[in-house]
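Observations on the three-dimensional arrangement
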Amino acid sequence: METKKISELFYNSIAMMIDDEVDVLASQANTLKKDFETRGVKFITFKDIPGKEFLASFDAISFIIIDWKLHSDYSIDKGNLIWGSELIREEEERVLDLLGVLLDLYFVPIFIFTKEDTNYIVNQIEERENLKKCLESNQLIVEDKSSLDISKIEELFKAWCSNNPAAYALKQLDKSLLKAKSKLLNALSTYDNQWPLIVYNTLKEDAAVDADREFNDFLSDLLMGYLEPITLDDEIMSKEISCLDRDNLISLYDKAKFIPYTDKVISTSSYTGDVYVLDDNDNRSGDVFLINITATCDLRKHKMIFLVGKPIKIEGNLYSKKTGVIEKKTHALISAFCNYECVEFKFDSFFVMSIDDSGDFIEYEGERYKRIGRLLYPYVSNIQERFSHYICRKGTIRHPNSLYLVSYK
């Protein structure tokens, strides 16, 4: 990655520093902060570990600096040697928990500086699987505090960015999203500052269940309309890469179109794009998929439409090197879906369900199905559009097979 482009990401940005000596004059942390500020970096600083809710309120963080030992006095002898060691371990666990929170919130390099043995800290991090992966990818970087200076951090930051073009793409997206949000809010507020109430309460009249989620879709669609095209530097994005194997490619594109659900995002009722699989004694089975393709519409009368899908292999008549996967009018194909090469949703295999009967589990043909995630746009909208053309088409009389020259087996 071009050095100039990396510097643009590094300087004139916002960073975070968590160090108990950040406000102590002449301390390493305070000196480093001042050096960065002379080059245009603005710092959000903490002397102790802040709450997760507070951390989540910050955007556009470029990198984070953390002191492994946040309290210089936590090892003071309190008359009981065992108590001292327990307190130290407790503080280390707090820092490890903090790293997990930061990695969930931000895709940025996190520099951990310490006067302790770096090998010991690396071992502590590796005990947690989620942190170990980030250590291996160099998103977590452990360094001796004696090397704590601006040039060292810049060198490490450049190395991380060079191996993570996603960081560059994400920064460009951040800039475009910030502009789009401002334009959107200014445009709507020009007419009436009450527009969120107008839209939200109208949605509640059409779909009393989960109006929050439909309001979210309304805002998301609007935001995409205001989003300016992202311009990426060809020198950065054309870096030579090694091809992933087939299984990893399937997993990569699966993540780009499907989000597994957790307890935090599951809504009370089923929603457009929700995917279900057979719940066999709580063991997920992917032989049959159900997907909710109900459109947001005031005429649906609390009814939902589901399609039934099954994994298939993409063979000769379903694929062309020139056009890719070839779909027929009677089905929709989703490639690289739920770790399968392809899943076929046939349009003649659909059923209608009351919204009151939907949720984390639904019943279909006497079997219980469990909700596992959501198919994203535009993939779910592609299924909706193709199904609407199929189901609303005017029927024609069937002709005998003998009329055609094609031989049938």
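Coordinates for the structure precede this section.
Description of the structure in this document.

Reading guide: rules and limits
- Residues numbered from 1 in each chain as written.
- Predicted model: local features only at pLDDT ≥ 70, side-chain atom pairs only at ≥ 80, totals over all residues.
- Heavy atoms only, no water.
- Axes fitted to C-alpha atoms, helices over the stretch in contact; angles between N-to-C directions.
- Helix = DSSP H or I, 4+ residues; strand = E, 2+ residues; numbered from the N terminus.
- Parallel < 35°, antiparallel > 145°, perpendicular 65-115°, else oblique.
- Left-handed = near helix turned anticlockwise from the far one by under 90°.
- Contact = heavy atoms within 4.5 Å.
- Nonpolar A, V, L, I, M, F, W, Y, C, P; charged D, E, K, R; others polar.
- Polar contact = N/O pair within 3.5 Å; in protein donor to acceptor, adjacent residues only side chain to side chain.
- Pairing = 2+ DSSP bridges.
- Right-handed = clockwise from strand over helix to strand, strands pointing away.
- Expected span 1.5 Å × (residues − 1).
- Buried < 20%, exposed > 50% of the residue type's maximum accessible area, 1.4 Å probe, protein only.
- Salt bridge = Lys/Arg side-chain N within 4 Å of Asp/Glu carboxyl O.
- Core = buried A, V, L, I, M, F, W, Y, C linked by side-chain atoms within 4.5 Å.

1. A look at the packing of helix H8 (residues 165-189) against helix H10 (residues 211-226)
The N-to-C vectors of H8 and H10 enclose an angle of 110°; their axes lie 8 Å apart at closest approach. One way to sum up the angle between H8 and H10 is to call them roughly perpendicular. In the crossing of H8 with H10, the sense of the turn from one axis to the other is right-handed. From H8, Leu-177, Ala-180, Lys-181, Lys-183, Leu-184, Ala-187 and Leu-188 reach across to H10, where they touch Leu-219, Leu-222, Leu-223, Met-224 and Tyr-226. When grouped by side-chain class, the residues that make up the contact of H8 with H10 number 10 nonpolar, no polar and two charged.

2. Concerning the side chain of Thr-272
Counting through the fold element by element, Thr-272 comes out in the loop between strand E6 (258-260) and strand E7 (274-280). Polar side-chain contacts of Thr-272 include one of 2.4 Å to the backbone oxygen of Thr-294. Excluding residues that lie within four positions of it along the chain, Thr-272 makes contacts with Asn-292, Ile-293, Thr-294, Arg-374, Tyr-377, Val-380 and Gln-384.

3. Side note on the pairing of strand E2 (residues 42-46)
Of the pairings in the sheet, the one linking strand E1 (residues 14-18) to E2 comprises five bridges and is parallel in character. Considered in E2, the bridge of Ala-15 is made with Phe-43. The parallel pair E1 and E2 is bridged by helix H2 (residues 28-37), and the resulting crossover is right-handed.

4. Quick look at H10
Under the 1.5 Å per step criterion, the end-to-end length of H10 is 23 Å for 16 residues, consistent within 8% with the ideal 22 Å. Listed as buried for H10 are Ala-211, Arg-213, Glu-214, Phe-215, Asp-217 and Leu-223.

5. Examining the sheet that holds strand E4 (residues 110-114)
Taken in spatial order, the five strands line up as E2-E1-E3-E4-E5 in an open sheet, and their pairing is parallel. Because the sheet does not close on itself, it has two edges, and the strands there are E2 and strand E5 (140-144). When strand polarity is set aside, the average angle formed by the axes of neighbouring strands in this sheet is 20°. Strand contacts of H2: E1, E2 and strand E3 (61-67), with the helix running at about 155° to E2, the strand carrying the most contacts.

6. What to know about the pattern of salt bridges
Under the criterion given, the structure shown has 14 salt bridges. In this structure, Glu-92 engages Arg-89 in a salt bridge whose closest nitrogen and oxygen atoms are separated by 3.1 Å. Pair noted here: Glu-92 and Arg-89 are both in helix H4 (residues 81-105), with a separation of three residues, about one helical turn. The partner of Asp-97 in a salt bridge is Arg-128, and the shortest N-O contact between them spans 2.6 Å. Here the residue Asp-97 occupies a position in helix H4, and Arg-128 occupies one in the loop between helix H5 (118-126) and helix H6 (129-136), the gap between them amounting to 31 residues. With a relative accessible area of 22%, Arg-128 lands in the partly exposed category. The structure contains a network of salt bridges with shared partners spanning Arg-89, Glu-92, Glu-93, Asp-97, Glu-127 and Arg-128.

7. Quick word on the nonpolar core
Within the largest apolar cluster, 28 residues are counted, with the highest numbers of intra-cluster contacts made by Met-16, Ile-64, Leu-99, Leu-102, Ile-110, Ile-125 and Leu-140. Broken down by secondary-structure element, the contributors of at least two residues to this core are E1, E2, E3, H4, E4, H5, H6 and E5. Top contributing element to this core by residue count: H4, with six residues. When sequence neighbours within four positions are dropped, the list of residues in contact with Ile-110 reads Ile-64, Ile-66, Leu-99, Leu-102, Leu-103, Gln-139, Leu-140 and Ile-141. Counting 21 residues, the second-largest nonpolar core is a separate cluster that includes Ile-153, Leu-156, Phe-157 and Ala-167.

8. Thoughts on unusual backbone geometry
With the exception of glycine, most residues fall at negative phi, and the peptide bonds are largely trans. Cis geometry is adopted by the peptide bond preceding Pro-378, which originates at Tyr-377 and carries an omega value of 5°. Unlike most non-glycine residues, Cys-338 shows phi in positive territory, near 55°. The exposure class of Cys-338 is buried, given its relative accessible area of 9%.

The values are spatial; any link to function lies outside them.
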